[in-house]
Amino acid sequence: MKIAHWRTLLIPLAFAGTLSVSSAAEPNPAALIYKLPDQIPWSKVDARGGQSAVVVGDPSKPGFYMVYNKWTKGNHFSHPHFHPNDRYIVVLQGTWWVGTGPKWDPANAKPLPAGSFVTHFGKQVHWDGAKDEDAVLLIMGEGPATSTLVKEEN
């Protein structure tokens, strides 16, 4: 009798399990939109060894923006510069190397592993990049997100 009772319960449970394995319904685009990793529009690698992909807003215009930024491995660094507004950065992957001030010295940069959070304060000189592995960042701020180079000191 107990065996028959378990069979009665198992049949609906097995059927419910097959329903959950099927593909999920697409979310309502009025409620949310998404891009999978292979749909992110990355730029080509530039001369500095960097790539970017705008995911929210337009960093060249006033207003909030979010940009993925990738520094490719191979000692690719920016040179001393500053931005007009504060920027908030999350290291998503790899190690990002940072430094401050007009003296560009990647050998003495501070390593920041994945999961680190950084605030670049507006009008403060900094430089950054990647050494032996790619570093992927999520940068958020208020535009326009211009960059002004600073004369390097020795």
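Novice: Would you explain the packing of aromatic side chains in this entry?
Specialist: To describe a pair of aromatic rings, one takes the distance between the centres and the angle between the planes. One pass over the structure, following the stated rule, counts 2 aromatic pairs. Note on Trp-42 and Tyr-68: the rings are 6.0 Å apart at their centroids and 15° apart in plane angle, and the pair reads as stacked. Linking Trp-42 in the loop between helix 1 (2–21) and strand 1 (50–56) with Tyr-68 in strand 2 (residues 63–71), this pair joins segments that are 26 residues apart in sequence. Judged by its relative accessible area of 29%, Trp-42 is partly exposed.

Novice: How should the pairing of strand 10 (residues 135–143) be read in this particular structure?
Specialist: Look at any regular strand and the pattern is simple: side chains alternate between the two faces of the sheet. Within strand 10, 8 of the 9 residues are buried, which leaves it mostly tucked inside the rest of the structure. Note: strand 2 against strand 10, 9 bridges, orientation antiparallel. For Trp-71, the partnering residue across the bridge sits in strand 10 and is Ala-135. Of the strand pairs in this sheet, strand 5 (residues 87–93) and strand 10 are connected by 6 bridges, and their pairing is antiparallel.

Novice: Teacher, can you tell me more about the pattern of salt bridges here?
Specialist: Any two side chains of opposite charge can pair, so long as their charged atoms come close to each other. Enumeration over the complete set of coordinates arrives at 2 salt bridges. As a salt-bridge pair, Arg-48 and Asp-46 come within 3.1 Å of each other at their nearest N and O atoms. Assessed through its relative accessible area of 33%, Asp-46 is described here as partly exposed. In this structure, the salt-bridge partner of Asp-58 is Lys-61, at a minimum N-O distance of 3.8 Å. With a relative accessible area of 30%, Asp-58 lands in the partly exposed category.

Novice: Hey, could you run me through the nonpolar core in this one?
Specialist: Considering soluble globular proteins, one finds that nonpolar side chains tend to be buried as a cluster. Within the largest apolar cluster, 13 residues are counted, with the highest numbers of intra-cluster contacts made by Trp-71, Ile-89, Trp-96, Leu-112 and Leu-137. Only strand 2, strand 5, strand 6 (95–100) and strand 10 provide two or more residues apiece to this core. Those residues in contact with Trp-96 that sit more than four places away from it in its chain are Trp-71, Ile-89, Val-91, Lys-110, Pro-111, Leu-112, Val-118, His-120, Asp-128, Gly-129, Ala-135 and Leu-137.

The rules behind each value
Residues numbered from 1 in each chain as written. Predicted model: local features only at pLDDT ≥ 70, side-chain atom pairs only at ≥ 80, totals over all residues. Heavy atoms only, no water. Phe/Tyr/Trp six-rings, centres within 6.5 Å; stacked < 30°, edge-to-face > 60°. Helix = DSSP H or I, 4+ residues; strand = E, 2+ residues; numbered from the N terminus. Buried < 20%, exposed > 50% of the residue type's maximum accessible area, 1.4 Å probe, protein only. Pairing = 2+ DSSP bridges. Salt bridge = Lys/Arg side-chain N within 4 Å of Asp/Glu carboxyl O. Core = buried A, V, L, I, M, F, W, Y, C linked by side-chain atoms within 4.5 Å. Contact = heavy atoms within 4.5 Å.

On their own, these measurements won't tell you what the molecule is for.
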